[in-house]
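Chains, contacts and geometry: an overview
Listed below are the residues making up each chain.
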Amino acid sequence: MISRAFSQVLGKGYKCPLDLFVHASAVVGFGSNMPRHLHHLLRQPDPADGFPPKQHPLQNNNRGAPPTCTFESNWTLQHSFSTVKNSNDTPLDYIMSFEQRFATLRSIGNCVNECELSLLLKDKIAPICYVWCDPSPWMHITQGILMTINVNKMIKAGCKVKILMADWFAQMDDKIGFIAGGVLSKVHPIGLYNVETWKATGMDLDGVEFVWLSDLISRNADEYWPLAMDIARKSNPSAIKSWLRVYSTINTRGHGSMNPYRMRDFTAAEIFYPCLQSACILFQKADIWLLGQDQSGAHMLARNFCTHMAKENKPIALFSNMPCNLLEHPERWAFDDPNWAIFMEDDEEDIISKISDGFCPPESAEGNPCLDYIKYIVLPRFGKFEVVQMGDNGGSKTFVNMEEFTSDYESGVLHPSDVKQALAKAINMMLQPVRDHFRSCAEAKRLVEEIEAASLRSSLLWLLAGGGLVVFFSGGVLAVLEAGAGVRCGG
């Protein structure tokens with residue numbers, strides 16, 4: 001298949017794992033400027049069983065930002081999105097007790113200080129929750145499915161959810177900046193592509209407000225930049241470096257043994273970057289933040305800054321659960337190997353292959369990535385997980401909680417091969433509506449084509465400027481361009 005050939009030419013580097021500061025989905029190999037999924041999502045899929053989620057229509061808003069956003073967007077596209085804000089300060093579905101609300105939010109992930117979260121929920125019926133998102137055309141399943149699960153939980157718990165589209169930071173990343181050609185406005189279609197993906201996964205967009213970080217900074221530069229500089233002055237560089245080293249060591253998802261700080265020291269930008277993120281966290285009037293592990297350093301700086309300044313209200317953050325690396329020995333694999341995780345653009349064959357090759361030690365639940373996917377994604381998504389057993393233990397069994405499943409797995413009742421087969425089927429079921437959406441929705445197709453065109457244009461400009469090898473996929477043709485060597489194509 002062309003997609004397989006494309007993957008081989010790129011050395012499987014078209015989907016990189018989590019970079020040090022950029023969201024997992026925002027990283028891709030430099031030679032892979034045309035992501036495969038921008039075509040694969042448009043093809044006719046094979047019929048598959050699935051549970052299409054409830055979809056919420058997006059309203060047109062030519063200004064590009066939701067009318068309820070505090071900071072109106074200053075860019076124009078043919079289509080954007082908007083959301084419906086609650087008409088009053090009372091959440092639409094406030095039927096949960098304090099205990100239920102607290103348990104719902106805690107199920108999202110780790111909380112730095114549970115006491116602070118508890119006091120907040122007792123004090124505010126509808127706390128404002130900001131969700132950090134780095135726009136990216138390569139969405140890891142945690143940014144797609146798990147993000148939808150978590151946002152819907154927050155809305156259910158009575159939170160007023162605002163998703164911060166951190167386009168300003170995404171543009172600063174070399175890979176995203178390359179596709180955007182260094183133009184900030186060209187990052188916005190990528191953000192809209194993310195919204196289309198969330199729409200297909202069943203995110204309650206009627207309960208979400210979107211805020212573009214670039215608008216926030218440009219309209220409030222006189223407040224943001226002094227705060228960022230103040231945080232930098234009062235932060236300890238040694239503490240920042242220590243956190244960076246720890247994070248690069250424990251975050252082995254696809255990075256392997258390539259710790260970037262073993263062979264060199266930190267750049268000034270790498271040290272200053274968490275200060276910029278920290279300023280964003282403190283600048284927004286948020287009661288709760290939902291962050292990824294790559295924002296944990298910025299959150300730490302923000303809390304330390306509040307302590308230094310004797311501020312009573314420190315930022316409360318939830319850090320989303322994250323499945324383990326699918327690879328048993330990530331340090332033995334290439335830096336940009338995509339088999340470490342599931343991505344939203346993966347087709348059925350990709351998922352079957354990744355899960356089949358994934359690490360799943362028999363009778364062991366600790367550090368088992370396949371069980372992590374079941375615990376954090378499949379069970380919250382479907383409310384159940386069915387395993388069809390082969391051989392002597394033939395038959396099927398449906399699990400509705402992780403405790404029962406873990407007990408059976410650790411006792412040896414469930415075989416890893418049966419679990420993997422069931423897991424691959426479940427993941428394909430939840431991704432099928434996304435494939436269908438990008439095949440049938442005209443606006444979703446347009447965004448894909450716009451990102452594709454921008455990627456190809458940037459690749460050609462880089463080639464003309466004296467770059468080396470450029471690989472792109474367009475019109476069903478795999479093309480490899482090399483400076484001074486013309487064009488080699490394959491169908």
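I will try to describe carefully the structure that is included in this document.

Rules used throughout
- Residues numbered from 1 in each chain as written.
- Predicted model: local features only at pLDDT ≥ 70, side-chain atom pairs only at ≥ 80, totals over all residues.
- Heavy atoms only, no water.
- Helix = DSSP H or I, 4+ residues; strand = E, 2+ residues; numbered from the N terminus.
- Contact = heavy atoms within 4.5 Å.
- Areas by Shrake-Rupley, 256 points an atom, 1.4 Å probe, with all protein chains shown as cover.
- Axes fitted to C-alpha atoms, helices over the stretch in contact; angles between N-to-C directions.
- Parallel < 35°, antiparallel > 145°, perpendicular 65-115°, else oblique.
- Left-handed = near helix turned anticlockwise from the far one by under 90°.
- Nonpolar A, V, L, I, M, F, W, Y, C, P; charged D, E, K, R; others polar.
- Salt bridge = Lys/Arg side-chain N within 4 Å of Asp/Glu carboxyl O.
- Buried < 20%, exposed > 50% of the residue type's maximum accessible area, 1.4 Å probe, protein only.
- Pairing = 2+ DSSP bridges.
- Right-handed = clockwise from strand over helix to strand, strands pointing away.
- Core = buried A, V, L, I, M, F, W, Y, C linked by side-chain atoms within 4.5 Å.
- Expected span 1.5 Å × (residues − 1).
- Phe/Tyr/Trp six-rings, centres within 6.5 Å; stacked < 30°, edge-to-face > 60°.

**Structural notes on the overall build of the protein chain**
Tallying secondary structure elements over the protein chain gives 18 helices and 11 strands in all. Sequence separation of at least 24 residues holds for 72% of the intrachain contacts in the protein chain that already meet a minimum separation of 6. Taken as a whole, the protein chain presents about 20,300 Å² of accessible surface, with 53% of it coming from carbon and sulfur.

**Brief notes about the packing of helix 15 (residues 369–382) against helix 16 (residues 402–410)**
At their nearest, the axes of helix 15 and helix 16 sit 11 Å apart, and the two run at 160° to each other. In terms of axis orientation, helix 15 runs roughly antiparallel to helix 16. Handedness of the helix 15/helix 16 crossing: right-handed. Along its contact with helix 15, which presents L371, I374, K375 and L379, the element helix 16 presents M402, F405 and Y409.

**Regarding the packing of helix 5 (residues 141–156) against helix 8 (residues 188–201)**
Orientation of helix 5 relative to helix 8, taken along the N-to-C sense of each, is 55°, at an axis distance of 9 Å. The pairing of helix 5 with helix 8 is recorded here as oblique in orientation. Once helix 5 is placed against helix 8, the crossing between them reads as right-handed. Where helix 5 approaches helix 8, its residues Q143, G144, I145, M147 and T148 are matched on the opposing element by N194, W198 and T201. For the contact of helix 5 with helix 8, the class distribution of residues is 3 nonpolar, 5 polar and no charged.

**Remarks on the pattern of salt bridges**
A full pass over the atoms with the stated rule returns 12 salt bridges. As a salt-bridge pair, K124 and D287 come within 2.8 Å of each other at their nearest N and O atoms. Of this pair, K124 sits in the loop between helix 4 (114–123) and strand 2 (128–133) while D287 sits in the loop between helix 12 (268–283) and strand 5 (288–291), and the two are 163 residues apart along the sequence. What makes K124 partly exposed here is its relative accessible area of 34%. A salt bridge links R233 to D230; the nearest nitrogen and oxygen atoms lie 3.2 Å apart. Here R233 pairs with D230, and both are found in helix 10 (residues 221–234), just 3 residues apart, close to one helical turn. Overlapping salt bridges bring together D230, R233 and K234 as one network.

**Comments concerning the side chain of S214**
Position of S214 relative to the elements: it lies in helix 9 (residues 213–219). By relative accessible area, S214 is classed as buried at 7%. The contact partners of S214, leaving out residues within four places of it in the chain, are D167, W168, L184 and H188.

**Some remarks on the environment of E443**
Counting through the fold element by element, E443 comes out in helix 18 (residues 442–464). Taking the relative accessible area as the measure of exposure, E443 reaches 15% and is therefore buried. Residues E443 and E196, 247 residues apart in the sequence, show an inter-C-alpha distance of 8.5 Å.

**Side note on the pairing of strand 6 (residues 316–320)**
Counting buried positions along strand 6 gives 5 out of 5 residues, so the element sits mostly inside the fold. Along strand 6, one buried face is formed by I316, L318 and S320 and the opposite face, lined by A317 and F319, is buried too. Relative to strand 6, strand 1 (residues 109–111) runs antiparallel, the two sharing 3 bridges. Each residue of the ladder has a partner; that of G109, found in strand 6, is S320. The pairing of strand 5 with strand 6 spans 4 bridges and is parallel. Bridge pairing in strand 6 links I288 to I316. Each parallel crossover has a hand, and for strand 5 linked through helix 13 (residues 296–308) to strand 6 it is right-handed.

**Re the nonpolar core**
Residues L105, M154, I163, W198, F385 and F405 are the most contacted members of the largest nonpolar core, which totals 87 residues. The element contributing the most residues to this core is helix 17 (residues 416–440), with 10 residues. Sequence-distant contacts of L105, that is, excluding residues within four places in its chain, are made with L117, L121, M154, A157, C159, I288 and L318. Among the nonpolar cores identified, the runner-up in size contains 34 residues, and Y130, A166, L227 and F266 belong to it.

**Structural notes on unusual backbone geometry**
Positioned with a positive phi, A310 is a non-glycine residue whose angle comes to about 60°. Here A310 shows up in the loop between helix 13 and strand 6. Residues other than glycine seldom take positive phi values, yet E363 does so here, at roughly 60°. Locating E363 in the fold gives a position in the loop between helix 14 (348–357) and helix 15.

**Considerations on helix 12**
If you check helix 12, its first and last C-alpha atoms are 23 Å apart, about what 16 residues at 1.5 Å a residue would give, namely 22 Å. If you check which residues of helix 12 are buried, you get E270, I271, Y273, P274, C275, L276, Q277, S278, A279, C280, I281 and F283.

**Overview of the packing of aromatic side chains**
Two numbers describe a pair of aromatic rings. These are the distance of the centres and the angle of the planes. In total, this model carries 16 aromatic pairs according to the counting rule given. Summarising the aromatic geometry, the rings of F169 and Y273 are spaced 5.3 Å apart at their centres and angled 55° between planes, so their arrangement reads as tilted. Taken as a pair, F169 in helix 6 (residues 167–172) and Y273 in helix 12 lie far apart in primary sequence, 104 residues in all. Here F169 falls in the buried class, since its relative accessible area comes to 1%. Ring centres of Y193 and F438 lie 5.1 Å apart, and the angle between their planes is 55°; on these two criteria the pair is classed as tilted.

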